[in-house]
Amino acid sequence: MKQLLQTAEYNLRALELFSSYLHICPRFIKAADVRELTDCGVDTETAVRLLAAAACGLNADENADDRVLEEKYFRHAIHQLNAEECRKDPYYQMIRMPEITRGRWKMGYKTLEAYELFTSDDLKTLRDGREIPQIGFFTEDFRAPIVEENGREWMTVTPSEINTMTADIEAAFGKVAVFGLGLGYYAFMVSQKENVSEVVVVERDKEVISLFNEFILPQFPNRQKITVLEADAYAFAETMGEKQFDCAYVDIWHDVLDGVNMYLRMKRLEHHSPKTKFLYWIEPSMLAWLRGMALMEAAEGQTGPMMQTIGPANGADELKEKLTDDALRTIAHSIPLEVTQR
């Protein structure tokens, strides 16, 4: 149990370090800094990892905890991506984003600078319980489509969006409901599949729908498969069973912090559509957050909302089994919403 809780502490600290870096100084690393290390025989990916660890204040030579974080987290988290390969994605190839501003919305492109760090995929959970953030960088500037709401990044099509949707795109079939429009990446990709007959997108913001229908949807080669409805996601989910969807993909949140509550609310509505396969954007990160809350309660000796839902566990092995992604996914509809208010 001690090892389980210690791993949970390392997971939390690693996540905090990467989150702080990405929010405060994602462009801290410069090409000159990387060259200084690569000229000494260090490969580019290792150079970026070392620079990022130093920027986060880690001192692996003198601090044992910092050494664990650098060797067991940073080493497995930061990856060099191939910009040319990313540009081969069908959405990048076919869709051209207009540079316009309308009301509170602005459409166009954002630039990921060379050596800028960014989230590149969902959390990766290893067998030993480590939860490794996936962080990427390019060695050249990279332009990605973006929509901003009142200056806030609302939706982008970056490697993170692409990679975190890949498995759920592959899983889609038949008649598909998509909750959350964004820039239409998911709808675009699943409409390309021969085994997908219809895509119904549920979006509550009429201005977003208008912009999408005017500028983006006309570029979709299989746009005849797609219908966009102005509706509330939860209200639609309560009655969607009548429409017999084969799959439902839910992407109505910005990140884990605002998403966990929405995720739990939607899980409560799955029973209205027993024949529908539900898929959720960044679900592994949602489940990791819930797992962390359970372990926090266990470490504090509390029987809070998570541990009450999970039930008693006879030792660390049984608790680990109850905290796997599959186990948490099964009980998510029963987890009290107040767990998200801690």
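Right, let's walk through the structure included here. Since the model is a prediction, treat every value here as computed from it, not as a measurement. (Residues numbered from 1 in each chain as written. Predicted model: local features only at pLDDT ≥ 70, side-chain atom pairs only at ≥ 80, totals over all residues. Heavy atoms only, no water.)

Strand pairing within a sheet occurs via backbone hydrogen bonds; the two strands may be parallel or antiparallel. The mixed open sheet is built from three strands, whose spatial order is β1-β5-β4. Whereas interior strands pair on both sides, the edge strands pair on one side only; in this sheet they are β1 (78-80) and β4 (118-125). Across the sheet, the mean angle separating the axes of adjacent strands is 30° when strand polarity is ignored. Inspection of the sheet shows β1 paired to strand β5 (residues 131-137) by three bridges, in the parallel sense. Each residue of the ladder has a partner; that of Ile-78, found in β5, is Ile-135. The strands touched by helix α4 (residues 64-77) within the sheet are β1 and β5, with β5 carrying the most contacts at an inclination of about 45°. Across the sheet, helix α12 (residues 283-299) touches β4 and β5, and the angle it forms with β4 is around 60°. (Pairing = 2+ DSSP bridges. Helix = DSSP H or I, 4+ residues; strand = E, 2+ residues; numbered from the N terminus. Axes fitted to C-alpha atoms, helices over the stretch in contact; angles between N-to-C directions. Contact = heavy atoms within 4.5 Å.)

Turning our attention to the pattern of salt bridges. Two side chains that carry opposite charge are able to pair once their charged atoms sit near each other. All told, the structure shown has 20 salt bridges when counted by the stated rule. We note a salt bridge from Arg-104 to Asp-205, for which the minimum N-O separation is 2.3 Å. Taken together, the residues Arg-104 in the loop between β2 (100-102) and β3 (105-112) and Asp-205 in the loop between β9 (196-203) and α9 (206-216) connect sequence positions 101 residues apart. Using a relative accessible area of 27% as the deciding quantity, one classes Arg-104 as partly exposed. (Salt bridge = Lys/Arg side-chain N within 4 Å of Asp/Glu carboxyl O. Buried < 20%, exposed > 50% of the residue type's maximum accessible area, 1.4 Å probe, protein only.)

Next up on the list: the packing of helix α3 (residues 44-55) against α4. For the pair α3 and α4, the least separation of the axes is 10 Å and the interaxial angle reads 125°. Between α3 and α4, the angle falls in the class oblique. Relative to α4, α3 is oriented so that their crossing is right-handed. Two secondary-structure elements touch here, α3 through Arg-49, Leu-50, Ala-52 and Ala-53 and α4 through Glu-70, Phe-74 and Arg-75. A per-class count over the contact of α3 with α4 returns four nonpolar, no polar and three charged. (Parallel < 35°, antiparallel > 145°, perpendicular 65-115°, else oblique. Left-handed = near helix turned anticlockwise from the far one by under 90°. Nonpolar A, V, L, I, M, F, W, Y, C, P; charged D, E, K, R; others polar.)

This brings us to the pairing of strand β10 (residues 226-230). As judged from the five bridges shared by β9 and β10, these two strands associate in the parallel manner. Note that in β10 the partner of Val-199 across the bridge is Ile-226. For the crossover that starts at β9, traverses α9 and ends in the parallel β10, the hand is right-handed. (Right-handed = clockwise from strand over helix to strand, strands pointing away.)

A few words now on unusual backbone geometry. Backbone geometry at Tyr-115 places phi at a positive 70°, although glycine is not the residue there. Positionally, Tyr-115 belongs in the loop between β3 and β4. On the basis of relative accessible area, Tyr-115 is assigned to the buried category, the value being 12%. Although it is not a glycine, Gln-244 sits at a positive phi angle of roughly 55°. In this fold, Gln-244 is placed in the loop between α10 (233-239) and β11 (247-250). Judged by its relative accessible area of 46%, Gln-244 falls in the partly exposed class.

Core analysis: the largest hydrophobic core is formed by 86 residues, its most contacted members being Tyr-91, Phe-179 and Tyr-186. Excluding residues within four positions of it along the chain, Tyr-186 makes contact with Met-165, Asp-168, Ile-169, Ala-172, Val-176, Val-178, Tyr-249 and Leu-279. Within the second largest apolar cluster, 24 residues are counted, among which are Val-34, Ala-52, Ile-78 and Tyr-115. (Core = buried A, V, L, I, M, F, W, Y, C linked by side-chain atoms within 4.5 Å.)

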